Amino acid sequence: MTTVDSTSLPASTPFGVSSFLAVEHGLYIGGRWRPSSSGETIRSINPATGRPLATFARGTESDVDDAVTAARAALANPEWRDISPLQRGELLHRLAELVEAHADELAFLESLDNGKPVSVARAVDAGTTAKLFRYFAGWPSKFEGSTIPLSPRGGLKILNYTVHEPIGVVGAIVPWNFPMSMASWKLAPALAMGNAVVLKPAEETSLSTLRLAELVEQAGFPPGVLNVVTGSGSVVGAAIAAHPGVDKVAFTGSTEVGRLITSAALGNMKKVSLELGGKSPHIVLPDADVTAVAAAAAEGIFFNQGQTCTAGSRLYVHEDVYDDVMSALVDHARRIVVGPGQDPATQMGPLVSARQLATVQSYVESGLSEGAELVTGGARPSGLGDEHSDGYFIEPTVLTETTHSMRVVQEEIFGPVLVAMRWREVDDLIDKANDSPYGLSAGLWTNDLKQAHRIAAAIKAGTVWINCYNLTDPASPFGGYKQSGWGREMGRGVLEQYTETKSVWVNLS
Ligand code: NAD
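Heads up: these notes are all about the structure in this document. Remember, predicted model here, so these are calculated numbers, not experimental data.

1. Some remarks on the overall build of the protein
Along the protein, the regular secondary structure elements total 17 helices and 23 strands. Against the 2.2 N^0.38 benchmark of 23 Å for 509 residues, the protein shows a C-alpha radius of gyration of 24 Å, consistent with a compact globule. Taken over the C-alpha atoms alone, the protein extends approximately 75 × 65 × 40 Å along its principal axes. A total of 509 residues make up the protein; the buried ones form 58% of that total. Looking at the protein alone, contacts between residues at least 24 apart form 74% of all its contacts between residues at least 6 apart.

In structure tokens:
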């Protein structure tokens, strides 16, 4: 069925993308594509135009039930349960190859659905997704248990060893800012460890996950190993979090929804891992290179339209270089090209939805009403043309004269709004940097080795970047202190979160 007016797509849209958008997409359950049990659908909106982009199924609680049943059947299917670790790794390698082969198309689709520049979607979303599957493809054959030397007890001679077993059915609930990579951060370790997954993408950006499910199918994973139930958070997400047949829920999203998920998971004491919000301090010491730091600080907040959990949204600049850094930063912000993500000149696209734009605008107003000064941005950019008059665009925005009690300093805005502050004494800086309910990440710029290590040690955050910002790698753990989450994703450590460890005692006497 044709669901979208293809004339509203940019002329550069690849054929594979326009044909994908032209079809109404169902739920992927037990290896079959089918409509929602209610027959209802959701329309995805192109944030650069405000117009419909595609149609997909609005799942129900009963669809979640079916997906969980299909996932349980997959766990019992010898084609999944009994394949060797190397075969599991091969399936993941095949998936990585398919993502690489379709990366341009996936990136364009993500850009249309989320708004971000195609170049960002190509390098970050599609690129890191392929790398992630490759990294985790290596683990099934290497994640060993241990043999443990025990203290002697009576006359018994005991052999004690551990084995890692899949947890079972993993419910994965993900946000809209990096839709395909956030889904893969959960999917890759879950599949590597032999689990089955029920995945719910965000309703704003479900398309790339649906395309990824087609590639999972093509890679040869048995039916039911991955199930995708699209729909709203309050229905599909809540049903996954509360379902007695789900053994673990892995969530990325807001702290507020993380709390709801945690309480829903209590019913059957699911394992829970959470990647939540952030309000990351980005710190400039007096010896830093002003031009380089200004560019990095701008990139730290405006990358992905500021819709990044690790956005360096609180900038602390030492008073000796504050004026120089801010003047270079504001210059940089004013030069950022805002436009539709599919225009190769665009550096910052629209926000993901009308709702997110309204939230960001209301934060700017709240900052101003509490006494902050708007030094640049805050408005819709002009000159984008009629076609984009209903798009969700906002200029890169910088607020100064902010104090720590202001909402714009304390709360996550999740948009291209930077709050900047001066600092003088390191101890006070550290107190301020830690004065947040969040603890996801932090960045600092200096060549002073002693100060760098002192500040890195004192900051309560899961990631600290020194003289770089926003770097991630599948091999390095990622996650938050405080209300930024529970557990770590990526790296070897995440494998523990997708397995149960069994300790086996054998009496050899
Ligand atoms: P959100 O919490 O509103 O939604 C995330 C997901 O949860 C969506 O799929 C949504 O449908 C679902 N959901 C909503 N209500 C639910 C409920 N009651 N039960 C179960 N599921 C429900 O977040 P968002 O607006 O999509 O994303 C932005 C947030 O995500 C920001 O706070 C950001 O910091 C955070 N985030 C964190 C990381 C990280 O790694 N720490 C990464 C990306 C985004």
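2. Regarding the sheet that holds strand β12 (residues 314–318)
Across the sheet, seven strands lie side by side as β13-β14-β15-β12-β11-β17-β18; this open sheet has mixed pairing. What marks the edges here is a single partner per strand, and that holds for β13 (373–376) and β18 (463–466). Strand-to-strand twist of the sheet, defined as the mean angle between neighbouring strand axes without regard to direction, takes the value 25°. Where strand β17 (residues 441–445) and β18 come together, four bridges link them in parallel fashion. Opposite Leu 444, over in β18, you have Ile 466 as the bridge partner. Against the sheet, helix α12 (residues 322–335) touches β11 (281–284), β12, β13, β14 (397–400) and β15 (417–423), its axis set at about 170° to β15.

3. As for the packing of aromatic side chains
The final tally for this structure, using the stated rule, is nine aromatic pairs. Ring centres 4.9 Å apart and planes at 90° place the aromatic pair Tyr 135 and Phe 136 in the edge-to-face group. The partly exposed category is assigned to Tyr 135, whose relative accessible area is 23%. For Phe 136, a relative accessible area of 0% corresponds to the buried category.

4. Observations concerning the side chain of Ser 280
Tracing the backbone shows Ser 280 in the loop between β10 (271–275) and β11. Relative accessible area serves as the criterion here: at 1%, Ser 280 is assigned to the buried category. Among the polar contacts listed, one links the side chain of Ser 280 to the side chain of Ser 441, at a separation of 2.7 Å. For Ser 280, the contacting residues outside a window of four places in its chain are Cys 309, Thr 310, Ala 311, Gly 312, Ser 313, Arg 314, Ser 441 and Tyr 469.

5. A word on the pairing of β17
Taking burial as the measure, the five residues of β17 include five buried ones, the bulk of the element. For the crossover that starts at β17, traverses helix α16 (residues 449–458) and ends in the parallel β18, the hand is right-handed.

6. Notes on the environment of Pro 10
Along the chain, Pro 10 falls in the segment before α1 (15–21). Residue class for Pro 10 comes out partly exposed when judged on its relative accessible area of 23%. In this view, Pro 10 contacts Leu 112 and Gln 342; residues no more than four positions away in its chain are not counted.

7. A closer look at the packing of helix α4 (residues 85–101) against helix α8 (residues 207–219)
α8 packs onto α4 with a crossing angle of 130° between their chain directions and a minimal axis gap of 9 Å. Accordingly, the angle class assigned to the pair α4 and α8 is oblique. Between α4 and α8 lies a crossing whose hand is right-handed. Across the interface between the two elements, Leu 91, Arg 94, Leu 95, Leu 98 and Val 99 from α4 touch Leu 212, Leu 215, Val 216, Gln 218 and Ala 219 from α8. Each residue belonging to the contact of α4 with α8 can be placed in one class, and the counts come to eight nonpolar, one polar and one charged.

8. A word on the packing of helix α11 (residues 290–302) against α12
Between α11 and α12, the shortest axis-to-axis distance is 8 Å and the interhelical angle comes to 50°. The orientation of α11 relative to α12 falls into the category oblique. Seen along the crossing, α11 lies across α12 with a hand that is right-handed. Of the residues in α12, those in contact with Val 290, Val 293, Ala 294, Ala 295, Ala 297, Ala 298 and Phe 302 of α11 are Asp 324, Val 325, Ala 328, Leu 329, His 332 and Ala 333.

So, how was this worked out
Residues numbered from 1 in each chain as written. Predicted model: local features only at pLDDT ≥ 70, side-chain atom pairs only at ≥ 80, totals over all residues. Heavy atoms only, no water. Helix = DSSP H or I, 4+ residues; strand = E, 2+ residues; numbered from the N terminus. Rg over C-alpha atoms; globule rule 2.2 N^0.38 Å. Buried < 20%, exposed > 50% of the residue type's maximum accessible area, 1.4 Å probe, protein only. Contact = heavy atoms within 4.5 Å. Pairing = 2+ DSSP bridges. Axes fitted to C-alpha atoms, helices over the stretch in contact; angles between N-to-C directions. Phe/Tyr/Trp six-rings, centres within 6.5 Å; stacked < 30°, edge-to-face > 60°. Polar contact = N/O pair within 3.5 Å; in protein donor to acceptor, adjacent residues only side chain to side chain. Right-handed = clockwise from strand over helix to strand, strands pointing away. Parallel < 35°, antiparallel > 145°, perpendicular 65-115°, else oblique. Left-handed = near helix turned anticlockwise from the far one by under 90°. Nonpolar A, V, L, I, M, F, W, Y, C, P; charged D, E, K, R; others polar.

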